[in-house]
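# Understanding the architecture of this molecule
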Amino acid sequence: MNSETLYRQSSGLFPGGVNSPVRYYDPFPLFFRRGRGSKLEDYDGRKFIDYSLGFGAMILGHANPSVVKGLQERIADGYLFGTPTEDEITLGRIIRESSRSIRKMRFTNSGTEATMHAIRLARAYTRKKKVLKMEGCFHGAHDYALIKSGSGTLTFGVPSSPGIPEEVSKTVVVADYNDLDSVRNTLQSNRQETAAIIVEPVMGNVGVINPADGFLKGLRELATEYDALLILDEVITGYRFGFSPYQDIAGVEADLTTLGKVIGGGAPIGLFGGREDIMDMVSPSGPVYQSGTFSGNPFSMASGRMTMQILRGSDYGKIAGKVQKLVNALESIMQTLNINGAINSIGSMYQVFFGINHARNYREVMKADRSLFKQYFDRMLDAGIYLPPSTFETNFMSFAHSEEDIEFTILKMEESLKNARDNLRNTAK
Ligand SMILES: Cc1ncc(COP(=O)(O)O)c(C=O)c1O
């Protein structure tokens, strides 16, 4: 049963045949049935080196044997009780011990839920209404986050979404990433009204955009100056560059932080947490409501605990080094082939933007050459390499990727890019 057949079936069931839009690409997405280490296997038995890694969650690679064994034991003993369990404490402690600013926390099932609750909490704490976000930052798919957002909303050309009441979108104000003047001006025009600044400390949903020197510290200062909370959305960046949220590496302290992806080791998870006085406002300690049948469920807690225990002793320099190797190779391939573009990378994440020289904010990356990316993506896929399917997503590296994987990828990068370029030139003639 191949992907095309499966897609025909799924498209009758799910909008666009998928259960999350970013999974779709033309003419139909491949369906995978197995993941082991750095590789995915499709329904035709073809293997692919995976650089999407569950959109960043699978930092140990697929089906890590220790995690699988632990999960099997967990499942055999039951995996949803709707009661507190010991694993919540173990995972919660690991996070508190490895984070400066997260003193108290609440687990959720997704990053979307985490940012939704963090925003509500910030509004309740400050008794103010507005939230300042950056253009192109993605904080999940709820109404308060889907304003000038990133990820699938860019790929599919929907800057925000119909269905969000004007009353809601008016409470979200937008500034430019990497531009403190724009943040200050926006705060100034919404003086006394801004409850929080929410930001991805490294943008990971318009491809990768690194914070400029001083940007995050500047945000911290502006938030304090304007009596707003700083919410760092670390759903991608938390435990991705080292065994802590990225803010601890960057030397910036959030009032509230959201986590997801890596901390669940591939099981559904999210978390919002931060200062104790703020978190104590959450129900049942305080009046701000949050709940969830599956929040802190034993399966996700076990997967997160085991993943984090392995990560705690892992050398993050190894995965960063592999990305550096790919980036260096891609740079020199592009030079040889006379293809211009910008490559942004940080630690174990990178993305290439063809056709532009700088990728420092949303507006710049929007000018990237998507046709060349699509041609490149298709050829890499044919060659057995599964890249994230849009230039507005992020390539991730896992601890399971081997040197041979990297060498093979570099080889295919060169062939695919040359072929993609020639093909576009021929069609243009
Ligand atoms: C920075 C950021 N925040 C929030 C989310 C939403 O998380 P989830 O997809 O788990 O709801 C994402 C998802 O990619 C994300 O990248």
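Chains are numbered independently. Their residues run from 1 in the order of the written sequence. Note on the predicted model: pLDDT of at least 70 is required for a residue's local features to be given, and 80 or more for side-chain atom pairs to be given and counted; whole-chain, interface and lining totals, by contrast, use all residues. Side-chain measures were taken over the full set of non-hydrogen atoms in the model, leaving aside hydrogen atoms and water.

## Quick word on the site of the ligand
If even one non-hydrogen atom of a residue comes within 4 Å of a molecule or strand, that residue is called near it. Surrounding the ligand, one finds Ser-110, Gly-111, Thr-112, Phe-138, His-139, Gly-140, Glu-200, Asn-205, Asp-233, Val-235, Ile-236 and Lys-261. In this structure, a nitrogen atom belonging to the ligand sits 3.4 Å away from a main-chain N or O atom of Phe-138. One of the side-chain nitrogen or oxygen atoms of Lys-261 is found 2.9 Å away from an oxygen atom of the ligand. Reported accessibility uses the Shrake-Rupley method at a 1.4 Å probe radius. Residues are deemed covered only where the shown protein chains occlude them. Surface burial for the ligand is 82%, taken as the share of its 390 Å² of free accessible area covered by protein chains. Tallied by class, the residues present in the shell around the ligand amount to three nonpolar, six polar and three charged. Any N or O atom pair separated by 3.5 Å or less is treated as a polar contact, with the protein-specific requirement of one donor-capable and one acceptor-capable atom, and with residues adjacent in sequence counted only for side-chain atom pairs. Amino acids outside the nonpolar list (Ala, Val, Leu, Ile, Met, Phe, Trp, Tyr, Cys, Pro) and the charged list (Asp, Glu, Lys, Arg) are all regarded as polar, and Gly is one of them.

## Considering the pattern of salt bridges
Each reported salt bridge corresponds to a side-chain nitrogen of Lys or Arg within 4 Å of a carboxyl oxygen of Asp or Glu. According to the stated counting rule, one finds 24 salt bridges in the structure shown. Across the salt bridge formed by Asp-248 and Arg-100, the nearest N and O atoms sit 3.9 Å from each other. One end of the pair, Asp-248, is in helix H10 (residues 246-250); the other, Arg-100, is in the loop between helix H4 (86-97) and strand E4 (104-108), and 148 residues separate them in sequence. The cut-offs for exposure are 20% and 50% of the maximum accessible area for each residue type, with area from a 1.4 Å probe on protein chains only; residues under the lower value are buried, those over the upper are exposed, and the others partly exposed. The class of Arg-100 is partly exposed, set by a relative accessible area of 49%. Taken together, the shared-partner salt bridges connect Arg-220, Asp-255, Arg-275 and Asp-277 into one network. Helix numbering and strand numbering both begin at the N terminus, where a helix is a DSSP run of H or I of at least 4 residues and a strand a DSSP run of E of at least 2.

## What to know about the side chain of Lys-322
Among the secondary structure elements, Lys-322 is positioned in helix H13 (residues 316-336). When sequence neighbours within four positions are dropped, the list of residues in contact with Lys-322 reads Met-397, His-401, Glu-403 and Ile-406. Contacts are residue-level and defined by heavy atoms, with any inter-residue pair within 4.5 Å sufficient.

## With respect to the packing of aromatic side chains
Between rings of Phe, Tyr and Trp, where Trp is taken as its six-membered ring, a pair exists when centres lie within 6.5 Å; planes separated by under 30 degrees are stacked, by over 60 edge-to-face, and by other angles tilted. For the coordinates displayed, the defined rule picks out eleven aromatic pairs. Pairing Phe-354 with Tyr-376 gives two aromatic rings, centres 5.6 Å apart and planes at 90°, and the pair type is edge-to-face. Of this pair, Phe-354 sits in strand E12 (residues 349-354) while Tyr-376 sits in helix H15 (residues 370-382), placing them 22 residues apart in sequence.

## Here's the deal with a nonpolar patch on the surface
Residues Ile-75, Tyr-79, Leu-80 and Phe-294 make up a contiguous nonpolar surface patch of roughly 390 Å² in combined accessible area. By the element assignment, Tyr-79 lies in the loop between helix H3 (65-76) and H4. The class for Tyr-79 is partly exposed, based on a relative accessible area of 47%. Residues form patches when they are more than 30% accessible in relative terms and have no salt bridge. Like charges link within 9 Å. Nonpolar side chains (Val, Leu, Ile, Met, Phe, Trp, Tyr) link within 5 Å.

## Thoughts on the domain arrangement of the chain
Each domain of the chain was delimited in the assignment, giving domain 1 (31-63 + 315-428) and domain 2 (65-312). Delimitation of the domains relies on an automatic or database domain assignment. The centre of domain 1, based on its C-alpha atoms, is set 26 Å off from the matching centre of domain 2. Residue-level contacts link 34 residues of domain 1 with 34 residues of domain 2. Among the residues of domain 1 in contact with domain 2, Tyr-316, Ile-346 and Tyr-362 are the three that bury the most area, contributing 25% of the side total. Across the domain 1-domain 2 interface, the total number found is two salt bridges. Between Glu-135 and Arg-363 there is a salt bridge whose closest N-O contact spans 3.4 Å. Put simply, the parts of the chain that give the side of domain 1 that touches domain 2 at least two residues each are helix H2 (53-56), H13, strand E11 (341-346), E12 and helix H14 (362-365). Among the elements that make up the side of domain 1 that touches domain 2, the one with the highest residue count is E12 (four residues). For the side of domain 1 that touches domain 2, the per-class residue count stands at 20 nonpolar, ten polar and four charged. Buried area: the accessible surface (1.4 Å probe) lost by two parts on joining, summed over both.

## A few points about the sheet that holds strand E14 (residues 395-396)
Strand order across the open sheet formed by three strands is E11-E12-E14, with antiparallel pairing between neighbours. The outermost strands of the open sheet, each flanked by one partner alone, are E11 and E14. Of the pairings in the sheet, the one linking E12 to E14 comprises two bridges and is antiparallel in character. Looking across to E14, one finds that Met-349 is bridged to Phe-396. Paired strands, as defined in this entry, are two strands with at least two bridges between them according to DSSP.

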